[in-house]
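# Results of the structural survey
Listed here are the chains, written in short residue letters.
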Amino acid sequence: MEITSDDVIDILSSVLRFEVRLDGDSYLLEKRGKTISSLGRQLVNEIVSKAADYKSIDSTCVTTDSSYEVLVQSDSQRFMRIARPDGSYVRLVDDQNGLTYELGRASPSFILYLIMEARATGAHGWYRSFQISPMALDRMMRGKLDGLAAFRTALRSWSLRITSTKPRSEASWKPLADSFFFHLGFNLDLAIMPQSGIERVVEPSKILNMRRSGTSDLDPPRRFYINDLVHHYQLGVAADSAMLKYLSYYHVAEHWFENIFQDDLVEQVKGMITSPDFSYRRKPDIKALIKKVSKAIQVRDEELIINEQIALRLTLERYVSLPRLIDDLQQFDPGLLNAYKQSPVGFSGGDAVDLRHPSQAEVIAALSRRIYKTRNSLVHSKEGAKGRFIPFQHDAELSTEVPLMRFVAEQIILSTSRIMP
């Protein structure tokens, strides 16, 4: 990725809304003609140089020969409450191995890298929604906070940085990070985890871009929705984990499996017993009927067991409009349709699916297999099992599947709602 000092200046002006003016060896940061702070030209060049040297592991994780930095997330409010005003949280030094672990605000070079990654996806809304607080501006004017510190504070991005006194291989960093995350969870009861790709970071802004930009655009609700489905959906929207998001949206579809499967079976049985070639006097006809029902459902521990993948396919057939699904995905991210068409889900073996294929039956069948295999890989994680999902390692790939499952869930909720009287 090519990054220049002009990118830093553009971000300071377009993101943080400063008027930036070059004055000798410094950039002056101004608001309404009044100088708020300044940045040395050499410092800006150093930030750009470091960002340009990053080796990308994925869109939210970078390394150099002696450093590693990964964007992190936490759903713990306590984490935010005890973070220090200067943007630091934990700093641990391992003198024996020459390592330093720092959890805090992302470094300026890393933030620059993240914004450039977001720009590449077209998700400008993510970073343009951030503003410097009046308190931060006041501290800048009093010389207690420089432009880069405000830059880090305004974007509110947290990272784990590991630095080493000696060069390390790219593969050596992740085990160190995993050890640090477990160490914090074990000792401080804090769930800090790596962010799963820039797509997860920018997803909210993409949804806002295709829906409503603010509360002033909203009309009152006109429909009643099924409570259980709304609760699953809200859990998915609120979740930080791609795995929890996917399963929450899947539960919306799963709600209907038993009813739809049994309705379909009833129709099949009615079709058989009313067919002119069926007779209850002929044993072979009765045996064929019994065989069909026995194959469709089984009893285990006094509970009916149905074929979930067939139930999912029937649910999609009944409640999901493919043209609308295609339109939603196209608005959210135009690249997703080709991604689903060209690639199966790597960790689960979920089928590739061409949503624009002329045969709706083939599309629904492939779509149900892709969704169901992915769901199975999330809930079955035995060592050595086929299609096993490994948290964090596969999060970025799973994040590509989340919009598909979300838009399917939304259509099911809408299709099963009723208009308010």
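Below, the structure is looked at part by part. (Residues numbered from 1 in each chain as written. Predicted model: local features only at pLDDT ≥ 70, side-chain atom pairs only at ≥ 80, totals over all residues. Heavy atoms only, no water.)

### Notes on the overall build of the protein
The helix and strand inventory of the protein stands at 18 helices and 14 strands. Per-residue burial over the protein gives 45% buried out of 421 residues. Pairs at least 24 apart in sequence give 69% of the contacts found in the protein among residues at least 6 apart. Surface exposure of the protein reaches about 22,500 Å², of which carbon and sulfur atoms provide 50%. (Helix = DSSP H or I, 4+ residues; strand = E, 2+ residues; numbered from the N terminus. Buried < 20%, exposed > 50% of the residue type's maximum accessible area, 1.4 Å probe, protein only. Contact = heavy atoms within 4.5 Å. Areas by Shrake-Rupley, 256 points an atom, 1.4 Å probe, with all protein chains shown as cover.)

### Thoughts on the sheet that holds strand β1 (residues 19-23)
Across the sheet, three strands lie side by side as β1-β2-β3; this open sheet has antiparallel pairing. Among the strands making up the open sheet, the edge pair consists of β1 and β3 (34-40). When the angles between neighbouring strand axes are averaged without regard to direction, this sheet yields 30°. Both β1 and strand β2 (residues 26-31) contribute to a ladder of five bridges, which runs antiparallel. Bridge assignment links valine 20 to a residue of β2, and that residue is leucine 29. Against the sheet, helix α2 (residues 41-52) makes contact with β1, β2 and β3, and its axis sits at roughly 55° relative to β3, the strand it touches most. Its contacts with the sheet put helix α6 (residues 134-141) on β2 and β3, and the angle it makes with β3 is roughly 75°. (Pairing = 2+ DSSP bridges. Axes fitted to C-alpha atoms, helices over the stretch in contact; angles between N-to-C directions.)

### With respect to the nonpolar core
Grouped together as the largest cluster of nonpolar side chains are 50 residues, with contacts concentrated most on Leu325, Leu329, Leu355 and Ile371. In terms of residue count, helix α18 (residues 395-415) provides more of this core than any other element does, nine residues in total. Each residue touching leucine 355, except ones within four places of it in the same chain, is listed here: Leu322, Leu325, Ile326, Leu329, Leu337, Tyr340, Val363 and Leu367. Counting residues in each nonpolar core, the second largest holds 28 residues, with Ile9, Ile11, Val62 and Tyr113 among its members. (Core = buried A, V, L, I, M, F, W, Y, C linked by side-chain atoms within 4.5 Å.)

### Topic: the packing of helix α10 (residues 227-238) against α18
Between α10 and α18, whose axes approach to 11 Å, the crossing angle comes to 155°. The angle between the axes of α10 and α18 places the two elements in the roughly antiparallel class. Handedness of the crossing formed by α10 with α18: left-handed. Contacts between α10 and α18 involve Leu229, Tyr233 and Val237 from the former and Arg406, Glu410 and Ile413 from the latter. Taken together, the residues of the contact of α10 with α18 break down into four nonpolar, no polar and two charged. (Parallel < 35°, antiparallel > 145°, perpendicular 65-115°, else oblique. Left-handed = near helix turned anticlockwise from the far one by under 90°. Nonpolar A, V, L, I, M, F, W, Y, C, P; charged D, E, K, R; others polar.)

### Digging into the pairing of β2
Linking β1 to β2, which pair antiparallel, is a turn of two residues; within it glycine 24 sits at a positive phi near 65°. Across six bridges, β2 lies against β3 in antiparallel orientation. For lysine 31, the partnering residue across the bridge sits in β3 and is lysine 34. Taking the residues between adjacent antiparallel strands as the criterion, β2 and β3 are bridged by two residues, where arginine 32 takes a positive phi near 55°.

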